[in-house]
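This is what each chain is made of:
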Amino acid sequence: MKQNKWNWILHAILVILALVSVAASVSNLYGPSALNALFSQDGQENNGETTTELNNMAISNETTDGNSTEEVEITASQTLILHSEVDEYVAIDNMSAVKELKHVAAGFDYDSENEEDSAYNIRNYVQTQPYIEDKLNNETPINLLIADTSRLPEELQEIVITSYIYIMETNEVYLLNDVTDTAYSLTISDNVDDVMAEVHDYLSSYEDLMQPVLPVTLANGVSYISKDAQEIERFTYLQERQPTTYFLNHFFETPEDIHDYSMNNISRYYTEGRQLTINMETFEVFLLQDNTEAEETNLNQQIEVTSAAMADILADQTSWLYAEANGDDGREMITYRKYVNSLPVFGNNYVSKAQFAMSGDTIQNIYMSALTIQTQVTDLSESYTVMSGADALDLLNNAGYPNEDISELVLGYRWVQNPETSRLVELIPSWHIQIGSKWFMLEDLIDMSQYPSLQTTYTESGEVVDLSLYFDNLGQQVSEEEVKTQLNESISESFSSDVDENDYSQFLNPPLSDSDEEES
């Protein structure tokens, strides 16, 4: 990292960005339309009217007219793969391309008949064909891949898949789930020439973004990793924090009924059946609700509910993608992850992921961060050169991490504080590995000083980037989820699922104080 870089310019930039962020903070605090309302509604004094619809949506878990599916359309993390006749692969990792493909696939008509097979058989068959594959990072409901699932056979409209494969110059489509080893073959009823014209028109828009990749088999099935080293921008952002009033306005319908039990560095707010906790050291935000009347539902409905909540809570909702769902018997943990430059962001204390614990069709708990990054300091960006995915996988294998233990291997960013000022956040590019349910940065698992030719370098100078300036625990096998303060660990323990149902209800509804008893 370059030392003492134009400090006086940096301070000037920070002042300007701070002023710019005031307008964004006003909009975030009072709702997306607050700024317009200041100019279009004379004499309007009741800010509660601005947030009532948002509060009702978050509390009732319903999608209101103001949050239609078109406005809160969520997309899953995925990669577009092209396989040629000479058995070569290229990939497109671009959020715009992914979102557009969702509507291209929905533009075709599909015959009602389909055949079931194994994903293994279909993968062997397509290796002899040129094809385009939309490869999802995890098992994903098909409605996140195809915008209008009503075009599919009825029995396939709510399935969970990992890939959508179209064989070029044909009317053949295959829906695969590599995890369950199932596949369905479909036939596009549209004219093949019309289909190919649509596909070629789509691909031509992103031809310059194609990168050569290799197919590999990991714990969750086939994945694709880059063959060549990649030049990736390191970004710097102004760190912002949503104030406590922002969350109180969004999560509580009647602020006058809130009981404040804050102490030390933990802010706690209660109403009957609901608790909001904000850790003022890590700025983690936990919302817990006592929901006892949840209805049975499916993953599609749960994602619809949580995506509507995402649109309500997060000012930058469009930069978040559905990542995965874990759980069973209607009790799912739905995870969304922030993306920047079409790459996933990883970080501690929920800064780059939001999780929703579901009970049937109802949001039980929400885990997220009050910290956000929206304003980029463009003058401080710098290009890094990062090793290929093939090299990263070789390092992992040689260090004792076999493919069958690796769920995912993706290029992404690690969110970290700027070493010179806490007002800035750095997004450092690196390979990230999911082992079981935990995410690690490659440098957390591998001592890169042993592999100087593969270390991350500054693209312009070729000098090695000193990552120890940003990270204190390199090589210590510390996952994204494990860097917590001791204070926050004790809070997490108090939220443990080991608490029985009666104790949990009392936890959400603490005993009344003496003054409260007198009022009642």
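Every chain begins its residue count from 1, and numbering advances along the sequence as written. Local features in this predicted model are restricted to residues whose pLDDT is 70 or higher, and side-chain atom pairs enter the listing and the counts only when it is 80 or higher, whereas totals over whole chains, interfaces and linings include all residues. Each side-chain value is derived from all of the structure's non-hydrogen atoms; neither hydrogens nor water enter the calculation.

S.K.: What is the right way to read the pairing of strand β14 (residues 284-289) from this model?
M.R.: Sheet faces and side chains relate simply in a regular strand, where the side chains alternate between the two faces. With a 1.4 Å probe rolled over the protein chains alone, any residue whose accessible area is under 20% of its type maximum counts as buried; one over 50% counts as exposed, and the rest are partly exposed. For helices the rule is a DSSP run of H or I covering at least 4 residues; for strands it is a run of E covering at least 2, with both sets numbered from the N terminus onward. Taken across its six residues, β14 has six buried, putting it largely inside the fold. Judged by which residues are buried, β14 turns out to be covered on both faces: Glu284, Phe286 and Leu288 on one side and Val285, Leu287 and Gln289 on the other are all buried. By the convention used here, strands pair only if DSSP detects at least 2 bridges between them. Two elements, strand β13 (residues 274-279) and β14, share five bridges in a ladder whose sense is antiparallel. The residue of β14 that forms the bridge with isoleucine 278 is valine 285. Hairpin remark: β13 followed by β14, antiparallel, with four residues in the connecting loop; positive phi at phenylalanine 283, about 65 degrees. Across five bridges, β14 lies against strand β19 (residues 362-369) in antiparallel orientation. The partner of glutamate 284 across the bridge, within β19, is serine 369.

S.K.: Sorry, what's going on with the nonpolar core here?
M.R.: One broad rule of soluble globular proteins: the nonpolar side chains tend to lie buried together. Side-chain atoms within 4.5 Å are what join buried Ala, Val, Leu, Ile, Met, Phe, Trp, Tyr and Cys residues into a set we call a nonpolar core. Counting residues in hydrophobic clusters, the biggest one holds 101 residues, and the most contacted among them are Tyr110, Tyr164, Tyr166, Leu276, Phe356 and Leu427. In terms of residue count, helix α8 (residues 299-313) provides more of this core than any other element does, six residues in total. Excluding its chain neighbours within four sequence positions, the residues that come into contact with leucine 276 are Phe247, Leu248, Phe251, Phe252, Ser267, Arg268, Tyr269, Val285, Phe286 and Leu287. One finds Ala91, Ile165, Ala183 and Tyr224 within the second-largest nonpolar core, a separate group that totals 15 residues. It only takes one pair of heavy atoms within 4.5 Å for two residues to be counted as in contact.

S.K.: Any chance you could explain unusual backbone geometry here in plain terms?
M.R.: Excluding glycine, most residues fall at negative phi; most peptide bonds, likewise, are trans. Of note, the phi angle at phenylalanine 283 is positive, near 65 degrees, even though the residue is not glycine. Among the secondary structure elements, phenylalanine 283 is positioned in the loop between β13 and β14. Within the chain, asparagine 349 stands out as a residue other than glycine whose phi angle is a positive 60 degrees. Positionally, asparagine 349 belongs in the loop between β17 (343-346) and β18 (353-359). Assessed through its relative accessible area of 15%, asparagine 349 is described here as buried.

S.K.: Would you explain the sheet that holds strand β8 (residues 211-218) in this entry?
M.R.: Remark on secondary structure: sheet strands pair via backbone hydrogen bonds, oriented parallel or antiparallel. The nine strands lie next to each other as β3-β7-β6-β5-β4-β1-β2-β8-β9, forming an open sheet whose pairing is antiparallel. Where the open sheet ends on each side, the last strands, each with one partner, are β3 (115-117) and β9 (221-226). Averaged over all pairs of adjacent strands, the angle between their axes in this sheet comes to 30 degrees, without regard to strand direction. As judged from the three bridges shared by strand β2 (residues 89-92) and β8, these two strands associate in the antiparallel manner. Its bridge partner being in β8, tyrosine 89 is matched across the sheet by valine 213. To obtain each axis, a line is fitted to C-alpha atoms, and for helices this fit is confined to the stretch in contact; angles are then taken between N-to-C directions over 0 to 180 degrees.

S.K.: Please explain the side chain of lysine 338 as it appears in this structure.
M.R.: Position of lysine 338 relative to the elements: it lies in strand β16 (residues 331-340). When its relative accessible area of 5% is taken as the criterion, lysine 338 is described as buried. Whenever a nitrogen or oxygen atom comes within 3.5 Å of another N or O atom, the pair is scored as a polar contact, on the condition that within protein one atom can donate a hydrogen and the other can accept it, and that pairs from neighbouring residues in sequence are kept only if both atoms are in side chains. Only 2.9 Å separates the side chain of lysine 338 from the side chain of serine 319, close enough to count as a polar contact. Apart from residues no more than four positions distant in its own chain, lysine 338 is found in contact with Asp316, Ser319, Trp320, Leu343, Pro344, Val345, Ser352 and Ile373.

S.K.: Explain the pairing of strand β5 (residues 160-167) here, please?
M.R.: Extensive coverage of β5 is indicated by the burial of seven of its eight residues. Here strand β4 (residues 131-141) runs beside β5; their pairing, made up of seven bridges, is antiparallel. By the bridge assignment, glutamate 133 is partnered in β5 with isoleucine 165. Bridge count between β5 and strand β6 (residues 172-177): four bridges; the pairing is antiparallel. The partner of isoleucine 165 across the bridge, within β6, is tyrosine 174. The hairpin formed by β5 and β6 contains four residues between the paired strands, and glutamate 169 there has a positive phi angle of roughly 65 degrees.

S.K.: Can you walk me through the packing of aromatic side chains in this structure?
M.R.: The geometry of an aromatic ring pair is captured by two quantities: the separation of the ring centres and the angle between the planes. Centre distance within 6.5 Å is the pairing criterion for rings of Phe, Tyr and Trp, where only the six-membered ring of Trp is used; planes under 30 degrees apart are then read as stacked, over 60 as edge-to-face, and the remainder as tilted. In this structure the tally under the stated criterion is 16 aromatic pairs. Consider the rings of tyrosine 89 and tyrosine 224, whose centres lie 5.7 Å apart with planes at 45 degrees: the pair is tilted. Residue tyrosine 89 is found in strand β2, and its partner tyrosine 224 is found in strand β9; the two are separated by 135 residues along the sequence. Considered together, tyrosine 89 and tyrosine 224 belong to a single accessibility category, that of buried residues. Ring geometry for tyrosine 202 against tyrosine 206: centres 5.5 Å apart, planes inclined by 55 degrees, an arrangement best described as tilted. For the pair tyrosine 202 and tyrosine 206, one class covers both residues: buried.

S.K.: Would you mind going over the environment of tyrosine 246 with me for this structure?
M.R.: Mapped onto the fold, tyrosine 246 is located in helix α7 (residues 244-251). On the basis of relative accessible area, tyrosine 246 is assigned to the buried category, the value being 2%. Taking the C-alpha atoms as reference, tyrosine 246 lies 9.4 Å from alanine 370; in sequence the two are 124 residues apart.

S.K.: Honestly, the pattern of salt bridges in this entry has me stumped. Any pointers?
M.R.: Working definition: two side chains of opposite charge can pair if their charged atoms are close together. We define a salt bridge as a contact between a side-chain nitrogen of Lys or Arg and a carboxyl oxygen of Asp or Glu at a distance within 4 Å. Taken as a whole, this structure holds six salt bridges when the rule is applied. We note a salt bridge from aspartate 178 to arginine 123, for which the minimum N-O separation is 3.0 Å. Pair noted here: aspartate 178 is in the loop between β6 and β7 (182-187) and arginine 123 is in helix α5 (residues 119-126), with a separation of 55 residues, a long-range link. For the residue pair aspartate 178 and arginine 123, the accessibility class agrees, reading buried in each case. Between glutamate 382 and arginine 234 there is a salt bridge, and its shortest N-O distance comes to 3.5 Å. In this pair, glutamate 382 sits in strand β21 (residues 382-386) while arginine 234 sits in strand β10 (residues 230-241), placing the two residues 148 residues apart along the sequence. Judged by relative accessible area, glutamate 382 falls into the buried class, the value being 12%. Residue arginine 234 is classed as buried on the basis of its relative accessible area, which comes to 4%.

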